[in-house]
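# Secondary and tertiary structure notes
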Amino acid sequence: MRLDSVSGDDLPEKDLWEKVKSGDEKAREEVIISYRPMVFWLANKLHVSPDSYQDLIQEGMVALIEAVDRYDSTRGVKFITYAYYRVKGHMINFLERSEAKAPEPIEIDESFYRHEVFYDEDWLADLQEAMRSLTASEAEIITAIDMKGLTAKELAQRKGVDISYIYRIRRRAIAKLKKVFGVT
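Nothing here was measured: the structure is a model prediction, and the numbers come from that model. Along each chain, the written sequence defines residue order, and numbers are assigned to residues from 1. Only residues with pLDDT of at least 70 get local features here, since the model is predicted, and only at 80 or more are side-chain atom pairs given and counted; chain-wide, interface and lining totals rely on the full set of residues. Side-chain measures were taken over the full set of non-hydrogen atoms in the model, leaving aside hydrogen atoms and water.

### A short note on the packing of aromatic side chains
What describes a pair of aromatic rings is the distance from one ring centre to the other and the angle between the planes of the rings. Inclusion rule: Each Phe, Tyr or Trp ring, with Trp reduced to its six-membered ring, pairs with another whose centre is within 6.5 Å; inter-plane angles below 30 degrees give stacked pairs, above 60 give edge-to-face pairs, and intermediate values give tilted ones. Each helix corresponds to a stretch of at least 4 residues labelled H or I by DSSP, and each strand to a stretch of at least 2 residues labelled E; elements are numbered beginning at the N terminus. When a residue's accessible area, from a 1.4 Å probe over protein chains only, is under 20% of the maximum for its type it is buried; when over 50% it is exposed; and in between it is partly exposed.
Following the criterion strictly, the structure yields seven aromatic pairs and no others. Summarising the aromatic geometry, the rings of Trp-17 and Phe-79 are spaced 4.8 Å apart at their centres and angled 45° between planes, so their arrangement reads as tilted. Taken together, the positions of Trp-17 in helix 2 (residues 13-21) and Phe-79 in helix 5 (residues 79-99) put the pair 62 residues apart, joining distant regions of the chain. Comparing Trp-17 with Phe-79 shows no difference in burial state: the two are buried.

What follows is the structure, given as structure tokens:
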């Protein structure tokens, strides 16, 4: 997106940024409005719940405004690049704060739990044997989340650890169990 094509005065981008830095509110507003679609695009890429979407947009807009106010055109970095990383970073930080966790990893393969090995009549004995291959921490996390029904967030709070630690240990435990059961 080129700012000079958005500006009502058809100013080159350099001139527009000079106006923004000199305090021209109209030029500042033009820049903010012209880059607003990027905020919505990034919010859609993060796939958040509808309850969090408006707050995420608001956080992104605040980050965009801060980016406009702090951008230094003399440093040789395009504004779109500068703004993209600032807005995305603020949005991710907001999600981490509001959900008290990092975004849940998608690579956990839940199909492991639906594998036919668990429908065999000896599945409990097989599972108990496989659980012996796990460390105490891995077994505790698998038991709490997958057998007792706790959420990763609840378990992290009980243990006083970051939720990303719980996900990491669970992912490693699932990989070990898959190996024991020969599940790919």
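### Some details on the packing of helix 2 against helix 4 (residues 50-70)
A pair of packed helices is characterised by two quantities: the angle between their axes and the separation of those axes. Where we set the bar: Axes, fitted as lines to C-alpha atoms, cover a helix only where it is in contact. Angles between the N-to-C directions of the axes lie from 0 to 180 degrees. Angles are sorted into four bins: roughly parallel if under 35 degrees, roughly antiparallel if over 145, roughly perpendicular if 65 to 115, and oblique for all others. Residue contacts are counted whenever heavy atoms from the two residues lie within 4.5 Å of one another. Side-chain classes follow a simple rule in which Ala, Val, Leu, Ile, Met, Phe, Trp, Tyr, Cys and Pro form the nonpolar group, Asp, Glu, Lys and Arg form the charged group, and the remainder, Gly included, forms the polar group.
Look at helix 2 against helix 4: their axes get within 9 Å of each other, and the N-to-C directions meet at 100°. What the angle tells us is that helix 2 and helix 4 run roughly perpendicular. Facing Trp-17, Val-20 and Lys-21 of helix 2, the residues of helix 4 in contact are Val-68, Asp-69 and Arg-70. Here the residues of the contact of helix 2 with helix 4 are counted per class, giving three nonpolar, no polar and three charged.

### Section: the confidence of the model for the chain
Rule in force here: As a per-residue quantity, pLDDT reports the predictor's confidence and falls between 0 and 100.
Of the residues in the chain, 78% reach a pLDDT of 70 or more, and the chain-wide mean stands at 78. Counted against residues more than four places away or in other chains, residues 102-120, with its pLDDT under 50, gives 33 contacts.

### Looking at helix 8 (residues 152-159)
Quick reminder: α-helices carry 3.6 residues per turn. Residues three or four places apart thus point the same way. The cut-off we apply is this: Arc definition: directions from the helix axis to the C-beta atoms.
When we look at burial in helix 8, the residues that qualify are Ala-152, Leu-155 and Ala-156. Burial along helix 8 is one-sided: seen end-on, the buried residues are contained in an arc of 100°. Turned more than 90 degrees from where helix 8 packs its buried face, Gln-157 and Arg-158 sit exposed. Where the residues of helix 8 are buried, they touch helix 7 (136-147) and helix 9 (163-181). Gly-160 lies just past helix 8 and shows a positive phi near 70°.

### Examining the environment of Arg-28
Relative to the helices and strands, Arg-28 resides in helix 3 (residues 25-45). When the C-alpha atoms of Arg-28 and Ile-65 are compared, they prove to be 8.8 Å apart, with 37 residues separating the residues in sequence.

### A word on the nonpolar core
To keep it simple, the criterion reads: To form a nonpolar core, buried Ala, Val, Leu, Ile, Met, Phe, Trp, Tyr and Cys residues must be joined to one another through side-chain atoms within 4.5 Å.
If you look at the biggest cluster of nonpolar residues, it comprises 26 residues, and the most contacted ones within it are Val-31, Leu-64, Val-68, Phe-79 and Val-87. Those elements giving two or more residues to this core turn out to be helix 2, helix 3, helix 4 and helix 5. In terms of residue count, helix 3 provides more of this core than any other element does, eight residues in total. In this structure, Ile-141, Ile-145, Ala-156 and Ile-163 belong to the second largest nonpolar core, which totals eleven residues.

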